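Chain residues, written in single-letter form:
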Amino acid sequence: MKKKLLMAGMTAVLSFGLMACSNGESTSGQSKDSSKADGKTTLQVAALESAYGKEMWTKISDAYETANPDVKIQLTVDKNLEEKISPKMKAGDYPDVVLLATGRKLALTETLIKDKALEDISDVLDKKVYGEDVTVKDKLIPGFTETLATNPYNDNKTYLAPMFYSPTGLFYNEALFKEKGWEVPKTWDEMWALGEKAKSEGISLFTYPTTGYFDAFMYSLLLEAGGPDFYNSAMTYKDGIWKSPEADQAFGIVGKLGKYTAPTTVANANDQNYKKNQQLILDNNALFMPNGTWVVGEMEDAPRAEGFKWGMTSLPAIKDGGDRYAFTFFEQMWIPAQAKNKDAAKDFLTFLYSDKAADIFAEAGAVQPIEGMASKLTGDNQLFYSIYDNGAKAGMGGFAATEAVEGVSMADALFATIDSIVSGDKTVKDWQEAVEAASDKLRAALK
């Protein structure tokens, strides 16, 4: 299932591995850290075992130990990272660096953000990449450290480092469109017209794995409806924003899309059966689903229609000639404020943007937000990561951090309710009002 990449909005669960190594005395001139063993600094690194697997983290650890012999890496990679590290953290035993994105069901990263328990890593951007003569910020694709996903307090300080990124969009079977002579819709009006054509042939226009996948979808739709300023106002809970004409358009589109959604979608839209919804695309029983590039590996061994070929498109424009968006998710790596080896952890972070590390990650299908990486990709990934070369705009960043408000969750209000919209149990008007009410409560709790 999607890693979520990152950011606020998703309701899935990530996992990490504990422990990795770094040194207290590096090319960056860091001060000495604690946790020495045999004269080496021991760095604990916790990293999620996602669809990319464990092996890449072992290779990263080995490569860093080779590059920095003053470091001993202790590595834990697990599919349920929160359950591994939370009890230790409560006992005061913190990992030094953690790969765990926001958007998880257990919301460990969000909890630390709310508690202001993450280390400010703004200085990492100005450090030279370990073993290279270039700074981290000069290697990163512009825009990745200028969002609420990395700067959750909107204070121009970075607390979460952007890691593997994945364009999202609507996935479909390119071969089916070629066979039918159908064009991929460029506007929502064209989408509805295609929905009628597909219905006449017993094919649903739309499905979705779980409502969690509507985060990227809704973010892109909000950007299309009102542009970046409107989007940022929504992400910071501006009064009345969810009852604006722009919001009306976005809610209305989702409501209409619900009428074209495959009838079995809601029943299978859960963590156990979500692949059954994804299978609808492979079997030509539905045309489009929101997803990310990880879906290819996730469904690699699934049966499929003869000649099946993955296609991916941004959301259709709201009006002819309007902007089209494909939201980008990325994983996040951070240092706990109570970590024992902060300087060594920062050195390790810089190494993760090195050419050596980027190549190791890419072998496993994980793409770092480093300029020029997309040109090294092949096959489906080359198609997916070129979406921004074909007219789509990139959206990034989720909701601003707030103090915890009991019983209030924008993810539940904005995304989880969509099952009820599709099933007809709730109206779009009720949904929209509930989102505005949640926004009102969170606005008062802004950090």
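What comes next is a walk through the structure.

Brief notes about the overall build of the protein
The number of helices and strands found in the protein is 17 helices and ten strands. Its C-alpha radius of gyration of 22 Å places the protein within 12% of the 22 Å reference for a compact globule of 447 residues. Dimensions of the protein, computed from C-alpha atoms along their principal axes, come out at roughly 70 × 50 × 40 Å. Restricting the contact set of the protein to residue pairs at least 6 apart, pairs at least 24 apart contribute 78%.

Comments concerning empty space enclosed by the protein
Under the definition given, this model contains two cavities of 30 Å³ or more. Together, 16 residues line the largest cavity, and Thr168, Gly169, Ala216, Phe217 and Asn291 are the ones closest to its centre. At the level of secondary structure, the elements contributing two or more residues to the lining of the largest cavity comprise strand 5 (161-173), helix 7 (214-235), strand 7 (286-292) and strand 9 (325-334). Among the elements that make up the lining of the largest cavity, the one with the highest residue count is strand 9 (four residues). Of the residues belonging to the lining of the largest cavity, the class tally is ten nonpolar, five polar and one charged. If you go around the second largest cavity, the residues you meet are Ile121, Val124, Leu125, Val136, Leu140, Thr158, Ala161, Pro162 and Tyr353. Taken together, the residues of the lining of the second largest cavity sort by class into eight nonpolar, one polar and no charged.

Quick notes on the side chain of Thr293
Position of Thr293 relative to the elements: it lies in the loop between strand 7 and helix 11 (295-298). If near-sequence neighbours (up to four positions away) are discounted, Thr293 is found in contact with Ser166, Pro167, Phe171, Asn381, Phe384 and Tyr385.

Side note on the nonpolar core
Judged by nonpolar contacts, the single largest core of 66 residues is most densely connected at Trp57, Trp310, Met333, Phe348 and Phe361. Counting residues in hydrophobic clusters, the runner-up holds 59 residues, among them Phe230, Leu287, Met410 and Val435.

A short note on the environment of Ile318
Residue placement: Ile318 occurs in the loop between strand 8 (310-313) and strand 9. Put simply, Ile318 and Ala392 are 74 residues apart on the chain and 13 Å apart in space, counted from C-alpha to C-alpha. In contact with Ile318, other than residues within four places in its own chain, are Trp188, Leu221, Glu224, Ala225, Gln249 and Ile253.

Reading the values: the criteria
Residues numbered from 1 in each chain as written. Predicted model: local features only at pLDDT ≥ 70, side-chain atom pairs only at ≥ 80, totals over all residues. Heavy atoms only, no water. Helix = DSSP H or I, 4+ residues; strand = E, 2+ residues; numbered from the N terminus. Rg over C-alpha atoms; globule rule 2.2 N^0.38 Å. Contact = heavy atoms within 4.5 Å. 1 Å grid on protein atoms, 1.4 Å probe; cavity = no way out; pocket = protein on both sides within 12 Å on 5 of 7 lines; lining within 4 Å. Points joined across faces, edges and corners; volume = space filled by probe spheres on them. Nonpolar A, V, L, I, M, F, W, Y, C, P; charged D, E, K, R; others polar. Core = buried A, V, L, I, M, F, W, Y, C linked by side-chain atoms within 4.5 Å. Buried < 20%, exposed > 50% of the residue type's maximum accessible area, 1.4 Å probe, protein only.

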